[in-house]
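# Understanding the architecture of this molecule
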Amino acid sequence: MMNSTLKSIYYTVVSFLGVVILWQLLVSGLHLNESLLPSPLSVVKALGELTLDGTLVRGVVASIFRFIIGYLSAVLAGIGLGLLLGLFSPLFRYSYPVIQLIRPIAPVAWMPFVVLLLGIGDIPAIVIIFLAGFFPVLLTTASAVHGVDTVYLKVAHNYGIGRVCSVFKIIIPAIFPQIANSLHIALGTSWIFLVSGEMVGTQSGLGYMIIDARNNMRTDQLLATMLVIGIIGFLLDLLIGKFERRILRFWGNVN
Amino acid sequence: MYIEVNNVTKQFVSRNHGRDEMKTAIDRVSLNIEKGEFVCILGFSGCGKSTLLNILAGFEKPTDGTVKIDGTEVAAPSTKNIMIFQNYGLLPWRTVEKNVELGLEKKGVSKQERIETARIYTELVGLKDYARRFPCQLSGGQQQRVAIARGLAVNPSILFMDEPFGALDPITRTKLQDDLLHIVKRQNKTVVFVTHDIDEAVYLADRIVIMSTDPGRIQKIINVDLPHPAVRNSSIFNDIRDRIYNELYSISQQPLEYYL
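Residues numbered from 1 in each chain as written. Chains lettered and ligands numbered in written order. Predicted model: local features only at pLDDT ≥ 70, side-chain atom pairs only at ≥ 80, totals over all residues. Heavy atoms only, no water.

### A short note on the interface of chain A and chain B
- Opposite the 19 residues of chain A that make contact, chain B presents 26 residues.
- The contact between chain A and chain B buries some 1,900 Å² in all, and 65% of this surface belongs to carbon and sulfur atoms.
- Applying the counting rule to chain A against chain B returns 1 salt bridge.
- A salt bridge links K169(A) to E105(B); the shortest N-O distance between them is 2.9 Å.
- Taken together, chain A and chain B are joined by 7 residue pairs in polar contact (both at pLDDT 80 or more).
- Contributions of two or more residues to the side of chain A that touches chain B are made by α7 (150-158), α8 (163-199) and α10 (219-251) of chain A.
- Taken together, the residues of the side of chain A that touches chain B sort by class into 11 nonpolar, 6 polar and 2 charged. (Contact = heavy atoms within 4.5 Å. Buried area = accessible area lost by both parts, 1.4 Å probe. Salt bridge = Lys/Arg side-chain N within 4 Å of Asp/Glu carboxyl O. Polar contact = N/O pair within 3.5 Å; in protein donor to acceptor, adjacent residues only side chain to side chain. Helix = DSSP H or I, 4+ residues; strand = E, 2+ residues; numbered from the N terminus. Nonpolar A, V, L, I, M, F, W, Y, C, P; charged D, E, K, R; others polar.)

Next comes the structure, spelled out in structure tokens:
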């Protein structure tokens, strides 16, 4: 009987292998031109090429660096402002319409302004990552504060816990699970937007590598870069999943 | 008189068929409770008994009338009058012992004292071996015991209990009734206990306040002349039980008001 970690690894490996096999069958079966859909082997070769000349490593480092800055600022700003909005109803009522107006605008649309004001480089990408992660965290936090079970607040009031103290003793602990979940979701969304962010206004990073490969008509390099983006996204999700479970256990959800 | 309820009325606005209406939850309720008394408020669902309890405990303000406890008008909840809720109200992210410590986390109580007091009350309710568990790992009855331990740990004068055993199975319920009675009689606590279970009321109460529904009014107050602890289903027990049942049954015979 395998333990659950081995089981997950097994399912992951089988699932990936399945895709690779299907992919190869598609390529050989349809006799596709290499530039239309490269075979798994060519993609691996391209991967090797990009690693050996250092492009891949430079790209990954640049992207991860921007991602960390963008994501962490989104999380801190989202939780901080979310708490304020949740705790002060008037603030929430006045800002909610504006938030819902700005939120649906694709982060990429802001790029012309960002590039004009702050130039090309890391900033545009970081701004996009920030916008992608900020709104979900903000709104989840604010709504979680509103949704705290009134019994807890009654209990706090009954036992003489003051309003300020209640925020730290009752409200913040009560919303931990929802915040952890929103961080998980925001991580995925931010990583996806990172790529689109790097396609406009940067000269490095994985998104830029995609544009570069497209311009050079190197579909094998293109797919290789996409693969790396997917793998990093996969690993990030794994990591934050572990973090979320750790938070829940500490929170008392020991089942 | 320890708890004085004077002509308390509670009204609130509710939406009915698209129109806002004034509903009266409780209407001119007056009641006096002595120190150390165990009073049950008994009635059907919707008779306003929980609303009355919330007003007594200071969670809500009456529309009219006053509530005084020990001579002072009730303005807000206090640690002297602890409420025990039907859904326990335990903080899920805290262990049993940390939940019991909740009311003791204030200036004037040293860490030593806090831990020790919490330990005493956790043991008192029979959960010594569960101190490090989380609420989600406990049964309903155990969770309610934790809530009771938490309440007792701050040494309140009054316990307000809002159908505390309603969510539990009959066997657990009778056990908790026994334990509760034993503890509150020994510590001379005043208890106001809301329930819709006649047997529970007869077993626990010194006096039973029967409330009618819609609007909530006091129908009758009955003295329960039973020795404590009572013997459930003894003939005197059943006599009193039948009297209460008839009172409540006559309430349900009252015509309902229809809104045209």
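### Overview of the environment of V60(A)
All names here are of chain A.
- Here V60 shows up in helix α3 (residues 55-87).
- In the structure, V60 is positioned 165 residues away from T225 in sequence and 9.7 Å away in space, judged by C-alpha atoms.
- Not counting the four nearest positions on each side in its chain, V60 is found in contact with L206, V228 and I232.

### Structural notes on the packing of helix α3 (residues 111-124) of chain B against helix α4 (residues 140-153) of chain B
All names here are of chain B.
- Relative to each other, α3 and α4 sit at 135°, their axes nearing to 9 Å. With respect to their mutual orientation, α3 and α4 come out oblique. Along this stretch, α3 crosses α4, giving a crossing that reads as right-handed. Here α3 contributes T117, Y121, T122 and L124 to the contact with α4, which in turn contributes A149, L152 and A153.
- Class assignment for the residues of the contact of α3 with α4 results in 5 nonpolar, 2 polar and no charged. (Axes fitted to C-alpha atoms, helices over the stretch in contact; angles between N-to-C directions. Parallel < 35°, antiparallel > 145°, perpendicular 65-115°, else oblique. Left-handed = near helix turned anticlockwise from the far one by under 90°.)

### So, the side chain of Q221(A)
Residue and element names in this part refer to chain A.
- Within the secondary structure, Q221 is located in helix α10.
- In this structure the side chain of Q221 is engaged in a polar contact, spanning 3.2 Å, whose partner is the side chain of E49.
- With residues near it in sequence (within four places) discarded, Q221 still touches A46, E49, L50 and A213.

### Let's talk about the sheet that holds strand β4 (residues 64-69) of chain B
Residue and element names in this part refer to chain B.
- The strand order across the open sheet built from 4 strands is β2-β1-β4-β5, with neighbouring strands paired in antiparallel fashion. A strand with exactly one partner marks an edge of an open sheet, and here the two such strands are β2 (19-33) and β5 (72-73).
- By the bridge criterion, 5 bridges tie strand β1 (residues 3-16) to β4 in an arrangement that is antiparallel. In the strand pairing of β4, E4 is matched with K68.
- Lying on the sheet, helix α1 (residues 49-57) is in contact with β1, β2 and β4; it crosses β1 at an angle near 125°. (Pairing = 2+ DSSP bridges.)

### Description of the environment of L56(A)
- Looking at the element boundaries, L56(A) is found in helix α3.
- Other than its neighbours up to four places away in sequence, L56(A) contacts L47(A), L50(A), T51(A), M209(A) and V228(A).

### Let's talk about the packing of aromatic side chains
- Counted under the stated rule, the structure contains 13 aromatic pairs over all chains.
- With 5.6 Å between their ring centres and 5° between their planes, F67(A) and Y71(A) make a pair best called stacked. Of this pair, F67(A) and Y71(A) both sit in helix α3, separated by 4 residues, roughly a single helical turn. Considered together, F67(A) and Y71(A) belong to a single accessibility category, that of buried residues.
- Ring pairs connect the aromatic residues F67(A), Y71(A) and W191(A), which therefore count as one cluster.
- Between K154(A) and the ring centre of F59(B), over which it is positioned, the NZ or CZ distance is 5.3 Å.
- Of note, K35(B) hangs over the ring of Y2(B), and the distance from its end group to the ring centre comes to 5.0 Å. (Phe/Tyr/Trp six-rings, centres within 6.5 Å; stacked < 30°, edge-to-face > 60°. Buried < 20%, exposed > 50% of the residue type's maximum accessible area, 1.4 Å probe, protein only. Lys NZ or Arg CZ within 6 Å of the ring centre and 35° of its normal.)

### Section: the confidence of the model for chain B
- Of the residues in chain B, 96% have a pLDDT of 70 or more, and the chain-wide mean is 89.
- Here the predicted complex scores 0.84 on pTM and 0.88 on ipTM. (pLDDT = per-residue confidence, 0-100.)

### Quick look at the pattern of salt bridges
- In the structure shown here, the tally under the stated rule is 24 salt bridges over all chains.
- Its salt-bridge partner being E97(B), residue R132(B) comes within 2.6 Å of it at the nearest N-O pair. Taken together, the residues span a long stretch of sequence, with R132(B) in the loop between α3 and α4 and E97(B) in helix α2 (residues 96-100) at a distance of 35 residues.
- Take E97(B): its relative accessible area is 22%, and that puts it in the partly exposed class.
- The partner of R145(B) in a salt bridge is D179(B), with the nearest N and O atoms 3.0 Å apart. On the criterion of sequence distance, the pair formed by R145(B) in helix α4 and D179(B) in helix α5 (residues 170-186) is long-range, its members being 34 residues apart.
- On the basis of relative accessible area, D179(B) is assigned to the partly exposed category, the value being 23%.
- Three or more residues joined by partner-sharing salt bridges are found here, namely E49(A), R218(A) and D220(A).

### What to know about unusual backbone geometry
- The backbone phi angle of M217(A) is positive, close to 50°, even though this residue is not glycine.
- Here M217(A) lies in the loop between α9 (206-215) and α10.
- Judged by its relative accessible area of 69%, M217(A) falls in the exposed class.
- Even without glycine at this site, E163(B) takes up a positive phi of about 45°.
- Tracing the chain through its elements places E163(B) in the loop between β7 (158-162) and α5.
- Judged by its relative accessible area of 12%, E163(B) falls in the buried class.

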